[in-house]
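Close look at the chain arrangement
Listed below, chain by chain, are the residues.
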Amino acid sequence: MAPTPNTKDMANAIRALSMDAVQQANSGHPGAPMGMADMAVALWGEHLRHNPTNPNWANRDRFILSNGHGSMLIYALLHLTGYKLPITELKNFRQLHSKTAGHPEFGITPGVETTTGPLGQGITNAVGFALAEKLLAKEFNREGHAIVDHHTYVFMGDGCLMEGISHEAAALAGAWKLGKLIALYDDNGISIDGQVAPWFIDNTAQRFVAYGWNVIGPVDGHDAAAVSAAIAQAKAGTDNRPTLIISKTHIGKGSPNRANTSKAHGEPLGAEEIKLTRESIGWSHAPFVIPKEVYADWDAKEKGKAAETAWNDAFAAYKAAFPELAKEFVRRMKGDLPKNFVQTAVDTVIAAHQKGETVASRKASQLALESFTAALPEMLGGSADLTGSNLTNTKSTPNLRFDALTGDVVTNEAGQGGRHINYGVREFGMAAIMNGVALHGGYIPYGGTFLTFSDYSRNAIRMAALMKLRVVHVFTHDSIGLGEDGPTHQSIEHAASLRLIPNLDVWRPADTAETAVAWTVALQNRAKPTALLLSRQNIAYAAKCDSVAAPDASGIDSISKGAYVLSEPSDVGIKKKAQAVIIATGSEVQLAIAAQKVLAERKIAVRVVSMPSTTTFDLQSTEYKSSVLPAGVPRIAVEMGSTGGWWKYGTAAVVGLDTYGESAPAPVLFKHFGFTPENVADTVEKVLRK
């Protein structure tokens, strides 16, 4: 790309739109997009393969703006290249119900691949995108038919590199040899607090070389030709290393008084400075006015249509040669479950019920996964260095490995690559990478760690919920029941905390059948992530009422509502209506059943309700909720964790835990903290006496 007056005007169009939109909103970050404008010209004007008329084309290159506060950069690019983002949306920047939110949001703005804002997560999502591309290419491409063949590009800044998650992600990208991942670092040396040198002295180039990346630069980030040449060099690489291009830039480029200062970072330039900037860069047009010739230089619609048409022709040839593979690829990218999924789920739940095994719910999860991973090749598992504890591996999911020399996916004798990822001790990175995998399409990612370490993952879990992604988090060792490891590892507040995240489905199943149902629901949750909270200790199978235990879909239906009547007074020989309801989750369901028997001996009639998912139960009809928790009957909740979330169910008492645990064997802890049948029974009696 030779520098021309056209490329100068193309970059200045981004600068003008950015400063105008931020000024009109009286809010935003003009400096980053003004500084990255020439980098954007190099990538979007020369290399990025995309189709503005079809933002969801399967083989498009992916572009992630990791430093999402510079959102006007991507909004300007989407508008200028021809996406359905009219100038009116740019004028409504940061306003209610506009498609130009303060930070880019997936599902809101056409062409935005992921929601970015929390720094470091964009580059980590990008690692997930690139991993998905590499694995799909290995799985579906055939000689002469490269239907999966695209790059993942990232813009990121100092803040992304300072966040610890970027270390986790970059290390994995190097280990996985993601050669089609190209990150452009906007190295301007400025953050909100000013020059970063006093607190950010990393040798970024050496850091990424140590991760196994190819590093290019520094290059002049305001020389579009130089940046374009660096991108071309990265694309031509044959060693399967991801590439970091260090681009030296000036934040607020073009602003006479704000460039190279923190003032350009997070506030409008001001009317007078915008006037001076227009004069400085030679942009004489009114706010939000772009000359036709500049629009023409940016317009990518015809080029994009041609690229997609060529791919469609290639895919037609692939379909003719490999019809079943083509059909499977389409299904996977659409996110549809296999036609036999419902039968697989029913069979799995029935088998669990008929066997009635006493196992830890983490083992129950693995038993369910054996069925589901065999039937769903799109399931891509993993664990944060706790596979033997999380039990996320199955016979169908060998460990994912890459050839040390070529970087190719290592396959077994059947030509299949691994489907279980060893993420190492990188919970946050794992969670955000899974988000990227889900966003790319073609896989349903799941990953495991201890429930107490969900704190590390939390913001990425929140982002999955915000973006409505089908991602499954397997959290084991869910209570003081893990025992001797003590309070650092014993989850107290975590279940309640996760239940507070909007659009996150949280399940804490009590036995093998409930766990199989929880997995069924999680895989069907196309528009929300799921957290499965699973025990370390064994849990006896809970005998079901006839309607729940029926060997057909009705049994799944009862449990899948999030709560159901597990046992009535008549099941323990009491022939009268329930005087109280005990609500329990997970391992405490067995405790509730035992307390019900103690109370029966005291001639007190109690109904036991198993509530594996409060988040699902809360979505049920008023009629159903009333049938499970009848009005006028006192309710007592039992869960080894924070009591706060249970009062919304009108409970008269909660047998819970609002302090940290202790280091001791689990049975000792249960007795110490009052998780015994006698204490639960005594609590019910106290409530009834009141």
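Above this text you will find the structure in question.
Residues numbered from 1 in each chain as written. Predicted model: local features only at pLDDT ≥ 70, side-chain atom pairs only at ≥ 80, totals over all residues. Heavy atoms only, no water.

**As for the overall build of the protein**
Helix and strand counts for the protein stand at 27 helices and 20 strands. Its C-alpha radius of gyration of 28 Å places the protein within 12% of the 26 Å reference for a compact globule of 690 residues. The principal-axis extents of the C-alpha atoms in the protein amount to approximately 90 × 60 × 45 Å. Each of the 690 residues in the protein was classed as buried or not, and the buried ones make up 61%. In the protein, of all internal contacts separated by at least 6 residues, the share reaching a separation of at least 24 is 77%. Placing the 65 positive and 67 negative side-chain charges of the protein at their respective mean positions leaves the two points 5 Å apart. (Helix = DSSP H or I, 4+ residues; strand = E, 2+ residues; numbered from the N terminus. Rg over C-alpha atoms; globule rule 2.2 N^0.38 Å. Buried < 20%, exposed > 50% of the residue type's maximum accessible area, 1.4 Å probe, protein only. Contact = heavy atoms within 4.5 Å. Lys, Arg positive; Asp, Glu negative; His and termini not counted. Charge placed at Lys NZ, Arg CZ, Asp CG, Glu CD.)

**Some remarks on the layout of surface pockets**
Vacant regions in the atomic arrangement are exposed by a probe of water-molecule size rolled over the atoms. Taken as a whole, the largest pocket spans an internal volume of roughly 730 Å³. If you go around the largest pocket, you meet 34 residues; those closest to its centre are F106, M333, A438, L439 and G441. For the lining of the largest pocket, the secondary-structure elements that each account for two or more residues are helix 12 (301-321), helix 13 (323-334) and helix 17 (427-440). At five residues, the largest contribution of residues to the lining of the largest pocket is made by helix 13. Split by residue class, the lining of the largest pocket holds 16 nonpolar, eight polar and 10 charged. (1 Å grid on protein atoms, 1.4 Å probe; cavity = no way out; pocket = protein on both sides within 12 Å on 5 of 7 lines; lining within 4 Å. Points joined across faces, edges and corners; volume = space filled by probe spheres on them. Nonpolar A, V, L, I, M, F, W, Y, C, P; charged D, E, K, R; others polar.)

**Some remarks on the pairing of strand 19 (residues 635-638)**
Residues of strand 19 alternate between two faces, with R635 and A637 on one and I636 and V638 on the opposite face, all of them buried. In the sheet, strand 17 (residues 580-584) pairs with strand 19 via four bridges, with the strands oriented parallel. Paired with I583 across the bridge in strand 19 is A637. Pairing of strand 19 with strand 20 (residues 653-655) involves three bridges; the strand directions are parallel. Within the sheet, the bridge partner assigned to A637 lies in strand 20 and is V654. (Pairing = 2+ DSSP bridges.)

**Examining the pattern of salt bridges**
For the structure shown, the criterion picks out 29 salt bridges. Between R331 and E378 there is a salt bridge whose closest N-O contact spans 2.8 Å. Of this pair, R331 sits in helix 13 while E378 sits in the loop between helix 15 (361-375) and strand 9 (379-383), and the two are 47 residues apart along the sequence. For the pair R331 and E378, one class covers both residues: buried. Where salt bridges share partners, they join E139, E328, R331, R332 and E378 into one cluster. (Salt bridge = Lys/Arg side-chain N within 4 Å of Asp/Glu carboxyl O.)

**Some thoughts on helix 5 (residues 121-140)**
With 20 residues, helix 5 should cover 28 Å at 1.5 Å per step; its first-to-last C-alpha distance of 28 Å lies within 8% of that length. For helix 5, the tally of buried residues reaches 18 of 20 residues, placing the bulk of the element in the interior. (Expected span 1.5 Å × (residues − 1).)

**Regarding the packing of helix 14 (residues 341-355) against helix 15**
Two elements in contact, helix 14 and helix 15, have axes separated by 10 Å at closest approach and are oriented at 165°. If you check the angle between helix 14 and helix 15, you find them roughly antiparallel. For the pair helix 14 and helix 15, the sense of crossing is right-handed. Judged by residue contacts, F341, T344, A345 and T348 of helix 14 engage A368, S371, F372 and A375 from helix 15. Classifying every residue of the contact of helix 14 with helix 15 by side-chain character gives five nonpolar, three polar and no charged. (Axes fitted to C-alpha atoms, helices over the stretch in contact; angles between N-to-C directions. Parallel < 35°, antiparallel > 145°, perpendicular 65-115°, else oblique. Left-handed = near helix turned anticlockwise from the far one by under 90°.)

**Some remarks on the sheet that holds strand 19**
The pairing of strands in a sheet happens through backbone hydrogen bonds and is either parallel or antiparallel. Across the sheet, five strands lie side by side as 16-18-17-19-20; this open sheet has mixed pairing. The outermost strands of the open sheet, each flanked by one partner alone, are strand 16 (564-567) and strand 20. With strand direction ignored, the average angle separating the axes of adjacent strands in the sheet is 30°. Strands strand 17, strand 18 (606-610), strand 19 and strand 20 of the sheet are contacted by helix 27 (residues 677-689), whose axis makes an angle of about 175° with strand 20.

**Digging into the nonpolar core**
In globular proteins that are soluble, nonpolar side chains generally tend to be buried together. Core analysis: the biggest nonpolar cluster contains 79 residues, and I480, W519, I582, L629 and F675 have the highest contact counts within it. By residue number, the principal contributor to this core is helix 20 (residues 512-524), which donates eight residues. W519 has contacts with S365, A368, L369, F372, M379, Y446, V472, V474 and L532, leaving out every residue within four places of it along the chain. Counting residues in each nonpolar core, the second largest holds 61 residues, with V127, A137, L244 and F329 among its members. (Core = buried A, V, L, I, M, F, W, Y, C linked by side-chain atoms within 4.5 Å.)

**Points about empty space enclosed by the protein**
Under the counting rule described, the total for this entry stands at five cavities of 30 Å³ or more. For the lining of the second largest cavity, a count of residues per class yields five nonpolar, two polar and three charged.

**Brief notes about the packing of helix 2 (residues 31-47) against helix 3 (residues 71-81)**
Viewed as axis vectors pointing N to C, helix 2 and helix 3 meet at an angle of 40°, and their least axial separation amounts to 10 Å. Compared by their axis directions, helix 2 and helix 3 come out oblique. In this structure, helix 2 crosses over helix 3, and the sense of that crossing is right-handed. Along the contact surface, helix 2 presents P33, M36, A37, A40 and W44, while helix 3 presents M72, L73, L77, L78 and T81. Tallied by class, residues from the contact of helix 2 with helix 3 come to nine nonpolar, one polar and no charged.

**A few points about the sheet that holds strand 13 (residues 505-507)**
What the six strands build is an open sheet, ordered 10-9-11-12-14-13; its pairing is parallel. Two strands bound the open sheet, and with one partner strand each, they are strand 10 (420-422) and strand 13. Adjacent strand axes in the sheet meet at a mean angle of 20°, parallel and antiparallel pairs treated alike. Taken together, the three bridges between strand 9 and strand 11 (residues 444-450) define a ladder with parallel strand orientation. If you follow S383 over to strand 11, its bridge partner there is G448. Along the sheet face, helix 20 touches strand 9, strand 11, strand 12 (472-476), strand 13 and strand 14 (530-533) and points at about 170° away from the line of strand 13.

**Focus on the environment of Y660**
Tracing the sequence through the fold places Y660 in the loop between strand 20 and helix 26 (666-672). Sequence separation of Y660 and P487 is 173 residues, and the distance between their C-alpha atoms is 5.8 Å. Not counting chain neighbours up to four residues away, the residues in contact with Y660 comprise P487, I492, E493 and F673.

**Things to note about the side chain of D38**
Relative to the elements of secondary structure, D38 occurs in helix 2. Look at D38 and you get buried, because its relative accessible area is 9%. Only 3.1 Å separates the side chain of D38 from the side chain of H222, close enough to count as a polar contact. Those residues in contact with D38, other than ones at most four positions away along the chain, are A11, R15, G221, H222 and A224. (Polar contact = N/O pair within 3.5 Å; in protein donor to acceptor, adjacent residues only side chain to side chain.)

**Observations regarding the packing of aromatic side chains**
If you walk through the whole model with that rule in mind, you get 18 aromatic pairs. Between F208 and Y211, the ring centres sit 5.5 Å apart and the planes meet at 85°, which makes this aromatic pair edge-to-face. With F208 and Y211 both in helix 8 (residues 204-211) and three residues apart, this pair spans about one turn of that helix. Each member of the pair, F208 as well as Y211, carries the same accessibility label: buried. The rings of F140, W311, F315, Y318, F322 and F329 are connected pair by pair, giving a single aromatic cluster. (Phe/Tyr/Trp six-rings, centres within 6.5 Å; stacked < 30°, edge-to-face > 60°.)

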